[in-house]
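Structural description and commentary
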Amino acid sequence: MTALQAYEAALAISERMLVCARSAQWDQLVAMEKERAAAMETMRRRDPDPTRDASSRERKRAVLERMIACDEEIAVLTQDWMGELRQILTSVETQNKLARTYRSG
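Residues numbered from 1 in each chain as written. Predicted model: local features only at pLDDT ≥ 70, side-chain atom pairs only at ≥ 80, totals over all residues. Heavy atoms only, no water.

Focus: the environment of Leu98
Along the chain, Leu98 falls in helix H3 (residues 57-104). For Leu98, a relative accessible area of 45% corresponds to the partly exposed category. Counting along the chain gives 80 residues from Leu98 to Leu18, while the straight-line C-alpha distance between them is 39 Å. (Helix = DSSP H or I, 4+ residues; strand = E, 2+ residues; numbered from the N terminus. Buried < 20%, exposed > 50% of the residue type's maximum accessible area, 1.4 Å probe, protein only.)

Some thoughts on the pattern of salt bridges
This structure, assessed with the given rule, holds 11 salt bridges. The salt bridge involving Glu73 is made with Arg22; its shortest N-O contact spans 2.8 Å. Taken together, the residues span a long stretch of sequence, with Glu73 in helix H3 and Arg22 in helix H1 (residues 3-22) at a distance of 51 residues. Via salt bridges that share partners, Glu33, Arg36 and Asp71 belong to a single interconnected network. (Salt bridge = Lys/Arg side-chain N within 4 Å of Asp/Glu carboxyl O.)

Describing the confidence of the model for the protein
Per-residue confidence for the protein gives a mean pLDDT of 86; residues scoring 70 or more make up 97%. Averaged over each element, pLDDT in the protein is lowest for H3 (84) and highest for H1 (94). (pLDDT = per-residue confidence, 0-100.)

Observations regarding the environment of Arg61
Looking at where Arg61 falls in the secondary structure, it is placed in helix H3. It is 10 Å that separates the C-alpha atoms of Arg61 and Leu4, two residues lying 57 residues apart in sequence.

Notes on the state of the cysteines
Enumeration over the complete set of coordinates arrives at zero disulfides. There is no disulfide at Cys70, and the cysteine sulfur nearest it, in Cys20, is 12 Å away. The class of Cys70 is buried, set by a relative accessible area of 0%. (Disulfide = S-S within 2.5 Å.)

Section: the nonpolar core
Counting 18 residues, the largest nonpolar core has Met17, Leu29 and Ile74 as the members making the most contacts within it. Listed by contribution, the elements that provide at least two residues to this core are H1, helix H2 (26-46) and H3. Of all the elements, H1 adds the most residues to this core, at nine residues. Setting aside anything within four residues of it in sequence, one finds Ile74 in contact with Ser14, Met17, Leu18, Ala21 and Leu29. (Core = buried A, V, L, I, M, F, W, Y, C linked by side-chain atoms within 4.5 Å. Contact = heavy atoms within 4.5 Å.)

Remarks on the packing of H1 against H2
Remark: H1 packs on H2, axes separated minimally by 9 Å, with the N-to-C direction vectors making an angle of 165°. Comparing their axes, H2 and H1 come out roughly antiparallel. In the crossing of H1 with H2, the sense of the turn from one axis to the other is left-handed. Every residue of H2 that contacts H1 at Ala3, Ala6, Tyr7, Ala10, Ile13, Ser14, Arg16, Met17, Cys20 and Ala21 is listed here: Trp26, Gln28, Leu29, Met32, Glu33, Glu35, Arg36, Ala39, Met40, Thr42, Met43 and Arg46. Class assignment for the residues of the contact of H1 with H2 results in 14 nonpolar, three polar and five charged. (Axes fitted to C-alpha atoms, helices over the stretch in contact; angles between N-to-C directions. Parallel < 35°, antiparallel > 145°, perpendicular 65-115°, else oblique. Left-handed = near helix turned anticlockwise from the far one by under 90°. Nonpolar A, V, L, I, M, F, W, Y, C, P; charged D, E, K, R; others polar.)

Listed below in structure tokens is the structure:
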């Protein structure tokens with residue numbers, strides 16, 4: 001695998017992660033994050049000095065920009081999900097408090 005192929009593999013995982021985030025498939029998103037971390041490590045090993053390879057520098061830049069865009073959208077979607085989880089947990093906590101109050105009285 002070339003350095004450029006490693007970049008593109010990491011991008012493909014980022015794009016799949018974005019699809020998961022858009023469809024609220026949070027377990028798959030977490031699993032893919034681990035997969036992408038491994039791909040990023042491969043990318044780093046294959047291209048320890050990305051500025052030296054002028055022939056593919058522009059493509060690498062475009063891939064990295066797309067990865068960043070995916071990450072930014074995933075972050076927004078994840079924040080929305082976290083907000084929903086907070087609301088659910090607050091509701092459950094309130095229900096539990098009410099149940100304890102009425103059971104003890």
